[in-house]
Amino acid sequence: MRWFTNPVVQFLAAGFVTLLVVVAATQWLSRDAADDEAIAEARALTGVLGRSVAEPAVPRGLVTGDAAAIDKLDRTVLDRLLVGDVERIKIWAADGTVLYSDRTELIGSVYPLDDDEREILERGGTDAELSDLSRPENRFERGLGGGGMLEVYTRIRSPEGQPLLFEAYFRSDQIADRRGEVLDRFLPISIGALLVLVLVTTPLILLLTRRVARGGRDRERLLRAAVQASDAERVRIARDLHDGVVQDLAGSSYSLSTLATRLGDEDEVAGELEEVSRSLRTSMRSLRSLLVEIYPPDLHVEGLAAALHDVTAPLTAAGVGVDVDVTGDAGCPDDAVALVWRVAQEAVRNVARHADARRMSVTVHREERVLVLEVVDDGRGFDPGTARGDGGFGLRGLRSLAADAGARLEVDSSTAAGQSGTTVRLEVPL
(Lines give C-alpha, C1' and ligand atoms only; values in the text may rest on other atoms or scores of the structure.)
Protein backbone atom coordinates (compact mmCIF):
# COMPACT_ATOMS: atom_id res chain seq x y z
CA MET A 1 0.00 0.00 0.00
CA ARG A 2 3.02 2.33 -0.17
CA TRP A 3 1.81 3.56 -3.56
CA PHE A 4 -1.20 5.11 -1.81
CA THR A 5 1.10 7.54 0.01
CA ASN A 6 1.85 9.19 -3.34
CA PRO A 7 0.13 12.63 -3.29
CA VAL A 8 -0.93 12.29 -6.95
CA VAL A 9 -2.63 8.96 -6.23
CA GLN A 10 -4.30 10.49 -3.18
CA PHE A 11 -5.50 13.43 -5.28
CA LEU A 12 -6.93 11.14 -7.98
CA ALA A 13 -8.61 8.98 -5.33
CA ALA A 14 -10.09 12.10 -3.72
CA GLY A 15 -11.24 13.25 -7.16
CA PHE A 16 -12.95 9.91 -7.80
CA VAL A 17 -14.69 10.04 -4.43
CA THR A 18 -15.71 13.63 -5.13
CA LEU A 19 -17.08 12.54 -8.50
CA LEU A 20 -19.25 9.92 -6.82
CA VAL A 21 -20.46 12.47 -4.27
CA VAL A 22 -21.24 14.97 -7.03
CA VAL A 23 -23.19 12.36 -9.01
CA ALA A 24 -25.20 11.38 -5.94
CA ALA A 25 -25.78 15.01 -4.94
CA THR A 26 -26.76 15.94 -8.50
CA GLN A 27 -29.26 13.11 -8.66
CA TRP A 28 -30.75 14.10 -5.33
CA LEU A 29 -30.89 17.80 -6.13
CA SER A 30 -32.19 17.21 -9.65
CA ARG A 31 -34.91 14.96 -8.26
CA ASP A 32 -36.11 17.75 -6.01
CA ALA A 33 -35.71 20.34 -8.77
CA ALA A 34 -37.55 18.17 -11.28
CA ASP A 35 -40.34 17.46 -8.81
CA ASP A 36 -40.73 21.16 -8.09
CA GLU A 37 -40.60 22.03 -11.78
CA ALA A 38 -43.12 19.34 -12.78
CA ILE A 39 -45.50 20.35 -9.98
CA ALA A 40 -45.12 24.02 -10.92
CA GLU A 41 -45.93 23.20 -14.54
CA ALA A 42 -48.96 21.15 -13.46
CA ARG A 43 -50.19 24.02 -11.28
CA ALA A 44 -49.72 26.52 -14.08
CA LEU A 45 -51.56 24.30 -16.57
CA THR A 46 -54.39 23.73 -14.11
CA GLY A 47 -54.73 27.47 -13.52
CA VAL A 48 -54.91 28.15 -17.26
CA LEU A 49 -57.43 25.36 -17.88
CA GLY A 50 -59.58 26.38 -14.94
CA ARG A 51 -59.75 30.13 -15.46
CA SER A 52 -59.32 30.38 -19.23
CA VAL A 53 -61.12 27.28 -20.50
CA ALA A 54 -63.51 25.87 -17.89
CA GLU A 55 -64.76 29.03 -16.15
CA PRO A 56 -65.93 30.83 -19.35
CA ALA A 57 -67.67 27.66 -20.51
CA VAL A 58 -69.54 26.81 -17.28
CA PRO A 59 -73.26 27.21 -18.20
CA ARG A 60 -75.98 28.40 -15.90
CA GLY A 61 -77.69 25.61 -14.10
CA LEU A 62 -74.55 23.51 -13.58
CA VAL A 63 -74.51 24.31 -9.86
CA THR A 64 -78.08 22.93 -9.55
CA GLY A 65 -77.26 19.70 -11.41
CA ASP A 66 -79.18 20.59 -14.60
CA ALA A 67 -78.65 17.74 -17.09
CA ALA A 68 -78.69 20.06 -20.10
CA ALA A 69 -76.00 22.24 -18.57
CA ILE A 70 -73.86 19.18 -17.83
CA ASP A 71 -74.27 17.92 -21.40
CA LYS A 72 -73.43 21.32 -22.85
CA LEU A 73 -70.23 21.61 -20.80
CA ASP A 74 -69.26 18.10 -21.73
CA ARG A 75 -69.71 18.75 -25.45
CA THR A 76 -68.03 22.14 -25.60
CA VAL A 77 -64.88 21.93 -23.43
CA LEU A 78 -64.06 18.35 -22.52
CA ASP A 79 -61.68 17.87 -25.46
CA ARG A 80 -59.97 21.14 -24.52
CA LEU A 81 -59.58 20.13 -20.86
CA LEU A 82 -58.09 16.65 -21.33
CA VAL A 83 -54.93 17.97 -22.96
CA GLY A 84 -51.25 17.22 -22.43
CA ASP A 85 -50.66 15.27 -19.23
CA VAL A 86 -54.18 15.81 -17.80
CA GLU A 87 -55.84 12.45 -17.08
CA ARG A 88 -58.99 13.42 -15.16
CA ILE A 89 -61.16 16.53 -14.63
CA LYS A 90 -63.56 17.25 -11.74
CA ILE A 91 -65.54 20.35 -10.79
CA TRP A 92 -66.77 20.52 -7.18
CA ALA A 93 -69.30 22.62 -5.35
CA ALA A 94 -68.48 24.03 -1.95
CA ASP A 95 -70.57 21.34 -0.21
CA GLY A 96 -68.52 18.52 -1.79
CA THR A 97 -70.88 17.71 -4.67
CA VAL A 98 -69.19 16.62 -7.88
CA LEU A 99 -70.87 18.95 -10.42
CA TYR A 100 -68.90 17.67 -13.42
CA SER A 101 -66.34 14.99 -14.31
CA ASP A 102 -65.24 13.23 -17.44
CA ARG A 103 -66.34 10.12 -15.53
CA THR A 104 -70.09 10.68 -15.52
CA GLU A 105 -70.53 8.08 -12.74
CA LEU A 106 -69.17 10.63 -10.26
CA ILE A 107 -71.54 13.48 -11.20
CA GLY A 108 -73.96 14.24 -8.39
CA SER A 109 -71.99 12.29 -5.78
CA VAL A 110 -71.11 14.08 -2.57
CA TYR A 111 -67.76 13.63 -0.83
CA PRO A 112 -66.27 15.75 1.99
CA LEU A 113 -63.62 18.29 0.99
CA ASP A 114 -60.44 18.49 3.04
CA ASP A 115 -59.10 21.63 4.68
CA ASP A 116 -56.73 22.57 1.84
CA GLU A 117 -59.50 22.37 -0.74
CA ARG A 118 -61.87 24.48 1.36
CA GLU A 119 -59.08 27.05 1.85
CA ILE A 120 -58.64 27.34 -1.93
CA LEU A 121 -62.40 27.85 -2.31
CA GLU A 122 -62.34 30.62 0.25
CA ARG A 123 -59.09 32.41 -0.61
CA GLY A 124 -58.32 31.36 -4.17
CA GLY A 125 -54.95 30.29 -5.53
CA THR A 126 -53.69 26.89 -6.67
CA ASP A 127 -52.50 23.89 -4.69
CA ALA A 128 -51.26 20.35 -5.43
CA GLU A 129 -50.96 17.09 -3.51
CA LEU A 130 -50.67 13.39 -4.09
CA SER A 131 -54.06 11.76 -4.45
CA ASP A 132 -55.29 9.34 -1.83
CA LEU A 133 -56.45 6.59 -4.20
CA SER A 134 -58.11 4.71 -1.36
CA ARG A 135 -60.82 7.37 -1.12
CA PRO A 136 -64.04 6.51 -3.01
CA GLU A 137 -64.06 9.67 -5.12
CA ASN A 138 -60.68 8.62 -6.53
CA ARG A 139 -61.62 5.03 -7.34
CA PHE A 140 -61.53 5.65 -11.09
CA GLU A 141 -57.95 6.98 -10.92
CA ARG A 142 -56.51 3.81 -9.41
CA GLY A 143 -55.79 2.28 -12.79
CA LEU A 144 -54.36 5.42 -14.38
CA GLY A 145 -51.13 5.97 -12.45
CA GLY A 146 -49.04 2.97 -11.45
CA GLY A 147 -47.00 5.23 -9.20
CA GLY A 148 -49.93 7.35 -7.97
CA MET A 149 -51.68 10.49 -9.12
CA LEU A 150 -51.04 14.17 -8.53
CA GLU A 151 -54.18 16.28 -8.09
CA VAL A 152 -54.01 20.03 -8.66
CA TYR A 153 -56.96 22.31 -7.85
CA THR A 154 -57.84 25.96 -8.23
CA ARG A 155 -60.87 28.15 -7.73
CA ILE A 156 -63.26 29.20 -10.51
CA ARG A 157 -66.69 30.84 -10.39
CA SER A 158 -70.03 29.86 -11.89
CA PRO A 159 -72.22 32.34 -13.83
CA GLU A 160 -74.29 32.57 -10.64
CA GLY A 161 -71.19 33.81 -8.79
CA GLN A 162 -70.68 30.71 -6.64
CA PRO A 163 -67.08 29.54 -6.02
CA LEU A 164 -66.29 26.15 -7.56
CA LEU A 165 -63.24 23.92 -7.22
CA PHE A 166 -61.65 22.96 -10.53
CA GLU A 167 -59.48 19.86 -10.16
CA ALA A 168 -57.13 18.23 -12.68
CA TYR A 169 -55.28 14.92 -12.20
CA PHE A 170 -51.78 14.06 -13.49
CA ARG A 171 -49.89 10.76 -13.36
CA SER A 172 -46.99 10.89 -10.88
CA ASP A 173 -44.76 8.92 -13.25
CA GLN A 174 -44.80 11.99 -15.45
CA ILE A 175 -42.86 13.72 -12.67
CA ALA A 176 -40.29 10.90 -12.80
CA ASP A 177 -39.99 11.44 -16.56
CA ARG A 178 -39.45 15.13 -15.95
CA ARG A 179 -36.85 14.29 -13.31
CA GLY A 180 -34.95 12.19 -15.84
CA GLU A 181 -35.00 15.04 -18.33
CA VAL A 182 -33.51 17.43 -15.78
CA LEU A 183 -30.86 14.88 -14.77
CA ASP A 184 -29.92 14.27 -18.40
CA ARG A 185 -29.29 17.99 -18.78
CA PHE A 186 -27.34 18.71 -15.60
CA LEU A 187 -25.45 15.48 -14.82
CA PRO A 188 -23.18 15.55 -17.91
CA ILE A 189 -22.35 19.18 -17.19
CA SER A 190 -21.42 18.44 -13.57
CA ILE A 191 -19.37 15.34 -14.38
CA GLY A 192 -17.69 16.98 -17.36
CA ALA A 193 -16.68 20.03 -15.34
CA LEU A 194 -15.22 17.86 -12.58
CA LEU A 195 -13.30 15.69 -15.05
CA VAL A 196 -11.87 18.78 -16.71
CA LEU A 197 -10.83 20.07 -13.29
CA VAL A 198 -9.07 16.77 -12.50
CA LEU A 199 -7.34 16.69 -15.89
CA VAL A 200 -6.13 20.27 -15.50
CA THR A 201 -4.98 20.01 -11.87
CA THR A 202 -3.33 16.55 -12.00
CA PRO A 203 -0.23 17.78 -13.90
CA LEU A 204 0.02 20.71 -11.49
CA ILE A 205 -0.21 18.38 -8.49
CA LEU A 206 2.44 16.13 -10.05
CA LEU A 207 4.73 19.12 -10.65
CA LEU A 208 4.24 20.45 -7.12
CA THR A 209 4.80 16.99 -5.64
CA ARG A 210 8.09 16.60 -7.47
CA ARG A 211 9.13 20.10 -6.43
CA VAL A 212 8.28 19.40 -2.77
CA ALA A 213 10.11 16.07 -2.89
CA ARG A 214 13.16 17.76 -4.43
CA GLY A 215 13.02 20.45 -1.74
CA GLY A 216 12.81 17.76 0.93
CA ARG A 217 15.86 15.99 -0.47
CA ASP A 218 17.75 19.30 -0.58
CA ARG A 219 16.84 20.05 3.04
CA GLU A 220 17.89 16.55 4.09
CA ARG A 221 21.21 16.96 2.29
CA LEU A 222 21.81 20.32 3.95
CA LEU A 223 20.87 18.92 7.35
CA ARG A 224 23.21 15.98 6.86
CA ALA A 225 25.98 18.35 5.87
CA ALA A 226 25.30 20.51 8.94
CA VAL A 227 25.40 17.46 11.21
CA GLN A 228 28.63 16.29 9.62
CA ALA A 229 30.13 19.74 10.05
CA SER A 230 29.00 19.79 13.68
CA ASP A 231 30.51 16.35 14.26
CA ALA A 232 33.75 17.43 12.63
CA GLU A 233 33.90 20.51 14.87
CA ARG A 234 33.19 18.35 17.94
CA VAL A 235 35.98 16.00 16.93
CA ARG A 236 38.37 18.91 16.47
CA ILE A 237 37.51 20.41 19.88
CA ALA A 238 37.77 17.02 21.61
CA ARG A 239 41.09 16.25 19.90
CA ASP A 240 42.55 19.65 20.80
CA LEU A 241 41.49 19.26 24.44
CA HIS A 242 42.79 15.70 24.61
CA ASP A 243 46.09 16.41 22.93
CA GLY A 244 46.60 19.74 24.67
CA VAL A 245 45.00 20.44 28.05
CA VAL A 246 44.51 16.81 29.10
CA GLN A 247 48.12 15.89 28.29
CA ASP A 248 49.40 18.98 30.09
CA LEU A 249 47.34 18.12 33.16
CA ALA A 250 48.57 14.53 33.06
CA GLY A 251 52.19 15.68 32.81
CA SER A 252 51.72 18.20 35.61
CA SER A 253 50.14 15.53 37.82
CA TYR A 254 53.04 13.12 37.29
CA SER A 255 55.58 15.90 37.88
CA LEU A 256 53.90 16.90 41.12
CA SER A 257 53.78 13.28 42.29
CA THR A 258 57.47 12.86 41.52
CA LEU A 259 58.32 16.12 43.27
CA ALA A 260 56.29 15.11 46.31
CA THR A 261 58.27 11.85 46.48
CA ARG A 262 61.60 13.67 46.31
CA LEU A 263 60.50 16.01 49.14
CA GLY A 264 59.83 13.13 51.46
CA ASP A 265 61.55 14.83 54.38
CA GLU A 266 59.34 17.85 54.19
CA ASP A 267 56.03 16.19 55.01
CA GLU A 268 53.89 19.30 54.91
CA VAL A 269 55.03 20.41 51.46
CA ALA A 270 54.92 16.86 50.10
CA GLY A 271 51.37 16.43 51.37
CA GLU A 272 50.24 19.63 49.74
CA LEU A 273 51.87 18.64 46.45
CA GLU A 274 50.23 15.18 46.59
CA GLU A 275 46.87 16.81 47.25
CA VAL A 276 47.34 19.09 44.24
CA SER A 277 48.32 16.06 42.17
CA ARG A 278 45.16 14.20 43.19
CA SER A 279 43.08 17.27 42.35
CA LEU A 280 44.69 17.45 38.94
CA ARG A 281 43.97 13.75 38.31
CA THR A 282 40.35 14.27 39.35
CA SER A 283 40.04 17.26 37.04
CA MET A 284 41.62 15.23 34.27
CA ARG A 285 39.06 12.41 34.70
CA SER A 286 36.25 14.98 34.71
CA LEU A 287 37.65 16.53 31.56
CA ARG A 288 37.82 13.12 29.88
CA SER A 289 34.15 12.55 30.79
CA LEU A 290 33.33 15.96 29.36
CA LEU A 291 35.11 14.94 26.17
CA VAL A 292 32.86 11.88 25.99
CA GLU A 293 29.80 14.12 26.25
CA ILE A 294 31.14 16.61 23.70
CA TYR A 295 31.77 13.84 21.20
CA PRO A 296 30.46 10.31 21.84
CA PRO A 297 32.99 7.55 21.44
CA ASP A 298 33.25 5.40 18.34
CA LEU A 299 31.52 2.40 19.85
CA HIS A 300 32.38 0.22 16.89
CA VAL A 301 36.11 0.78 17.48
CA GLU A 302 36.45 1.40 21.21
CA GLY A 303 33.70 -0.94 22.36
CA LEU A 304 30.68 -0.38 24.58
CA ALA A 305 32.44 -1.45 27.78
CA ALA A 306 35.20 1.15 27.42
CA ALA A 307 32.63 3.87 26.66
CA LEU A 308 30.59 2.97 29.75
CA HIS A 309 33.73 3.02 31.92
CA ASP A 310 34.41 6.55 30.66
CA VAL A 311 30.85 7.63 31.42
CA THR A 312 30.98 6.29 34.97
CA ALA A 313 34.47 7.64 35.72
CA PRO A 314 33.21 10.83 37.46
CA LEU A 315 31.11 8.76 39.86
CA THR A 316 34.09 6.56 40.62
CA ALA A 317 36.15 9.68 41.29
CA ALA A 318 33.42 10.95 43.61
CA GLY A 319 33.67 7.82 45.74
CA VAL A 320 30.64 5.94 44.40
CA GLY A 321 31.13 2.21 44.04
CA VAL A 322 30.58 1.46 40.35
CA ASP A 323 30.29 -1.97 38.70
CA VAL A 324 30.27 -2.16 34.89
CA ASP A 325 29.56 -5.54 33.28
CA VAL A 326 29.10 -5.78 29.48
CA THR A 327 28.46 -9.11 27.72
CA GLY A 328 26.60 -10.14 24.60
CA ASP A 329 27.08 -6.89 22.68
CA ALA A 330 29.31 -8.47 20.04
CA GLY A 331 27.63 -8.62 16.66
CA CYS A 332 24.76 -6.36 17.68
CA PRO A 333 23.63 -3.66 15.22
CA ASP A 334 25.38 -0.33 15.65
CA ASP A 335 22.11 1.55 16.20
CA ALA A 336 21.13 -0.82 19.05
CA VAL A 337 24.53 -0.39 20.74
CA ALA A 338 24.32 3.39 20.27
CA LEU A 339 20.87 3.47 21.89
CA VAL A 340 22.12 1.45 24.87
CA TRP A 341 25.04 3.83 25.32
CA ARG A 342 22.81 6.94 25.03
CA VAL A 343 20.33 5.65 27.63
CA ALA A 344 23.14 4.53 29.93
CA GLN A 345 24.77 7.97 29.63
CA GLU A 346 21.54 9.77 30.62
CA ALA A 347 20.81 7.30 33.45
CA VAL A 348 24.33 7.67 34.89
CA ARG A 349 24.06 11.44 34.58
CA ASN A 350 20.82 11.39 36.60
CA VAL A 351 22.47 9.27 39.28
CA ALA A 352 25.34 11.76 39.53
CA ARG A 353 23.02 14.77 39.73
CA HIS A 354 20.08 13.57 41.81
CA ALA A 355 20.50 10.14 43.41
CA ASP A 356 23.15 10.74 46.12
CA ALA A 357 23.94 7.04 45.71
CA ARG A 358 26.67 4.97 47.36
CA ARG A 359 26.71 2.19 44.78
CA MET A 360 25.67 1.85 41.15
CA SER A 361 25.85 -0.98 38.66
CA VAL A 362 25.65 -0.84 34.85
CA THR A 363 24.91 -4.19 33.22
CA VAL A 364 24.53 -5.04 29.55
CA HIS A 365 23.61 -8.56 28.47
CA ARG A 366 21.60 -10.37 25.78
CA GLU A 367 18.35 -12.26 26.36
CA GLU A 368 17.70 -14.27 23.19
CA ARG A 369 16.96 -11.61 20.50
CA VAL A 370 16.92 -8.68 22.93
CA LEU A 371 19.83 -6.53 24.14
CA VAL A 372 19.18 -5.50 27.76
CA LEU A 373 20.64 -2.60 29.72
CA GLU A 374 20.12 -2.21 33.48
CA VAL A 375 21.36 0.77 35.51
CA VAL A 376 20.73 0.23 39.24
CA ASP A 377 21.57 2.60 42.09
CA ASP A 378 20.85 2.70 45.85
CA GLY A 379 20.16 6.45 45.93
CA ARG A 380 17.21 8.27 47.45
CA GLY A 381 14.88 7.43 44.53
CA PHE A 382 11.91 9.39 43.21
CA ASP A 383 8.36 8.99 41.98
CA PRO A 384 8.54 8.27 38.21
CA GLY A 385 4.94 9.41 37.75
CA THR A 386 5.59 12.88 39.16
CA ALA A 387 9.23 13.39 38.16
CA ARG A 388 10.00 16.98 37.26
CA GLY A 389 13.00 19.04 36.49
CA ASP A 390 16.04 17.74 34.69
CA GLY A 391 15.46 14.17 35.74
CA GLY A 392 11.85 14.12 34.62
CA PHE A 393 12.70 15.74 31.31
CA GLY A 394 15.54 13.26 30.82
CA LEU A 395 13.22 10.32 31.47
CA ARG A 396 10.62 11.63 29.01
CA GLY A 397 13.35 12.14 26.44
CA LEU A 398 14.66 8.61 26.99
CA ARG A 399 11.20 7.11 26.63
CA SER A 400 10.68 9.00 23.39
CA LEU A 401 14.10 7.91 22.13
CA ALA A 402 13.40 4.27 22.99
CA ALA A 403 9.91 4.35 21.45
CA ASP A 404 11.28 5.78 18.19
CA ALA A 405 13.68 2.85 17.98
CA GLY A 406 11.01 0.24 18.82
CA ALA A 407 12.60 -0.46 22.20
CA ARG A 408 11.00 -0.57 25.66
CA LEU A 409 12.18 1.51 28.61
CA GLU A 410 11.09 0.78 32.16
CA VAL A 411 11.92 2.94 35.20
CA ASP A 412 11.31 1.54 38.68
CA SER A 413 12.12 3.76 41.66
CA SER A 414 11.31 3.79 45.36
CA THR A 415 11.78 6.35 48.14
CA ALA A 416 10.90 3.97 50.99
CA ALA A 417 13.40 3.81 53.84
CA GLY A 418 15.76 0.88 53.45
CA GLN A 419 14.45 0.14 49.93
CA SER A 420 15.22 3.38 48.13
CA GLY A 421 16.88 3.33 44.76
CA THR A 422 16.19 3.36 41.03
CA THR A 423 16.37 0.77 38.28
CA VAL A 424 16.40 1.78 34.63
CA ARG A 425 15.87 -1.15 32.26
CA LEU A 426 16.07 -0.88 28.47
CA GLU A 427 15.14 -3.74 26.11
CA VAL A 428 16.24 -3.30 22.49
CA PRO A 429 14.90 -5.87 20.00
CA LEU A 430 17.60 -7.26 17.70
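1. Side note on the packing of aromatic side chains
To describe a pair of aromatic rings, one takes the distance between the centres and the angle between the planes.
No. 1: By the definition in use, this model includes 1 aromatic pair.
No. 2: A ring pair is formed by Trp92 and Tyr111, whose centres lie 6.4 Å apart and whose planes are at 70°; its orientation type is edge-to-face. With a gap of 19 residues between them, Trp92 in strand E1 (residues 86-92) and Tyr111 in the loop between strand E2 (98-101) and helix H3 (115-123) connect regions that are remote in the sequence. Note on accessibility: Trp92 and Tyr111 belong to one class, buried.

2. A few points about the environment of Thr18
No. 1: Checked against the element boundaries, Thr18 lands in helix H1 (residues 7-57).
No. 2: Measuring from C-alpha to C-alpha, the distance between Thr18 and Leu194 comes to 8.6 Å, with 176 residues separating the pair along the chain.

3. Things to note about the sheet that holds strand E10 (residues 421-429)
No. 1: The 5 strands are arranged E6-E7-E8-E10-E9 in an open sheet whose pairing can be described as mixed. The two strands at the open ends of the sheet, each matched to only one other strand, are strand E6 (321-326) and strand E9 (408-414). Strand-to-strand twist across the sheet, computed as the mean angle between neighbouring axes with direction ignored, equals 10°.
No. 2: Relative to strand E8 (residues 370-377), strand E7 (residues 359-367) is paired through 8 bridges, and the arrangement is antiparallel. Along E8, the bridge assignment pairs Thr363 with Glu374.
No. 3: Relative to E6, helix H7 (residues 304-317) is tilted by about 175°, and along the sheet it contacts E6 and E7.
No. 4: Where helix H8 (residues 334-355) meets the sheet, its contacts fall on E7, E8, E9 and E10, and the angle it forms with E8 comes to roughly 10°.

4. Side note on the environment of Ala42
No. 1: Turning to its location among the elements, Ala42 is positioned in helix H1.
No. 2: For the pair formed by Ala42 and Tyr169, sequence separation is 127 residues and the distance between their alpha carbons is 9.0 Å.
No. 3: In contact with Ala42, other than residues within four places in its own chain, are Leu150, Val152 and Phe170.

5. Structural notes on the pattern of salt bridges
No. 1: Scanning all chains against the criterion turns up 19 salt bridges.
No. 2: Linking Glu87 and Arg171 is a salt bridge whose minimum nitrogen-to-oxygen distance equals 2.5 Å. A residue pair is termed long-range when its members are at least 10 positions apart, and Glu87 in strand E1 and Arg171 in strand E5 (residues 163-171) qualify at 84 residues.
No. 3: Residue Glu87 is classed as partly exposed on the basis of its relative accessible area, which comes to 22%.
No. 4: For Arg171, a relative accessible area of 26% gives the class partly exposed.
No. 5: One salt bridge in this structure joins Arg425 and Glu374, with 2.6 Å as the shortest N-O distance. Linking Arg425 in strand E10 with Glu374 in strand E8, this pair joins segments that are 51 residues apart in sequence.
No. 6: What makes Arg425 buried here is its relative accessible area of 17%.
No. 7: Residues participating in the shared-partner salt-bridge network are Glu367, Glu374, Arg408, Glu410, Arg425 and Glu427.

6. A short note on the side chain of Glu167
No. 1: Looking at the secondary structure, you find Glu167 in strand E5.
No. 2: Polar contacts involving the side chain of Glu167 include one to the side chain of Tyr169, which spans 2.9 Å.
No. 3: In this view, Glu167 contacts Arg88, Ile89, Lys90, Trp92, Glu117, Glu151, Val152 and Tyr153; residues no more than four positions away in its chain are not counted.

7. Section: the side chain of Asp377
No. 1: By secondary structure assignment, the location of Asp377 is in strand E8.
No. 2: For the buried Asp377, no salt bridge exists, and the shortest N-O distance to an oppositely charged side chain is 9.0 Å, to Arg380.
No. 3: Polar side-chain contacts of Asp377 include one of 2.8 Å to the backbone nitrogen of Gly379.
No. 4: For Asp377, the residues in contact, after removing those within four places along its chain, are Val351, Ala355, Ala357, Arg359, Met360, Gly421 and Thr422.

8. Overview of helix H2 (residues 67-81)
No. 1: For H2, spanning 15 residues, the distance from its first C-alpha to its last is 20 Å, which sits close to the expected 21 Å at 1.5 Å a residue.
No. 2: Of all bends in H2, the biggest is about 40°, found at Arg75.
No. 3: The backbone nitrogen of Ala68 has a side-chain oxygen 3.3 Å away, supplied by the residue at the start of H2, namely Asp66.

9. Description of the pairing of E8
No. 1: Linking E7 to E8, which pair antiparallel, is a turn of 2 residues; within it Glu368 sits at a positive phi near 55°.
No. 2: Pairing between E8 and E10: 8 bridges, direction antiparallel. Pairing of Leu371 across the sheet is with Val428, part of E10.

10. Here we look at the packing of H7 against H8
No. 1: Taken N-terminus to C-terminus, the directions of H7 and H8 make an angle of 10°; their axes are 10 Å apart at the nearest point. Classified by the angle between their axes, H7 and H8 sit roughly parallel to one another. Along the contact surface, H7 presents Leu304, Ala307, Leu308, Val311, Thr312 and Leu315, while H8 presents Val337, Val340, Trp341, Ala344, Gln345, Val348, Val351 and Ala352.
No. 2: Residue classes in the contact of H7 with H8 are distributed as 12 nonpolar, 2 polar and no charged.

Definitions and cut-offs
- Residues numbered from 1 in each chain as written.
- Predicted model: local features only at pLDDT ≥ 70, side-chain atom pairs only at ≥ 80, totals over all residues.
- Heavy atoms only, no water.
- Phe/Tyr/Trp six-rings, centres within 6.5 Å; stacked < 30°, edge-to-face > 60°.
- Helix = DSSP H or I, 4+ residues; strand = E, 2+ residues; numbered from the N terminus.
- Buried < 20%, exposed > 50% of the residue type's maximum accessible area, 1.4 Å probe, protein only.
- Pairing = 2+ DSSP bridges.
- Axes fitted to C-alpha atoms, helices over the stretch in contact; angles between N-to-C directions.
- Contact = heavy atoms within 4.5 Å.
- Salt bridge = Lys/Arg side-chain N within 4 Å of Asp/Glu carboxyl O.
- Polar contact = N/O pair within 3.5 Å; in protein donor to acceptor, adjacent residues only side chain to side chain.
- Lys, Arg positive; Asp, Glu negative; His and termini not counted.
- Expected span 1.5 Å × (residues − 1).
- Bend = angle between axes of the 7 residues up to and from the residue.
- Parallel < 35°, antiparallel > 145°, perpendicular 65-115°, else oblique.
- Nonpolar A, V, L, I, M, F, W, Y, C, P; charged D, E, K, R; others polar.

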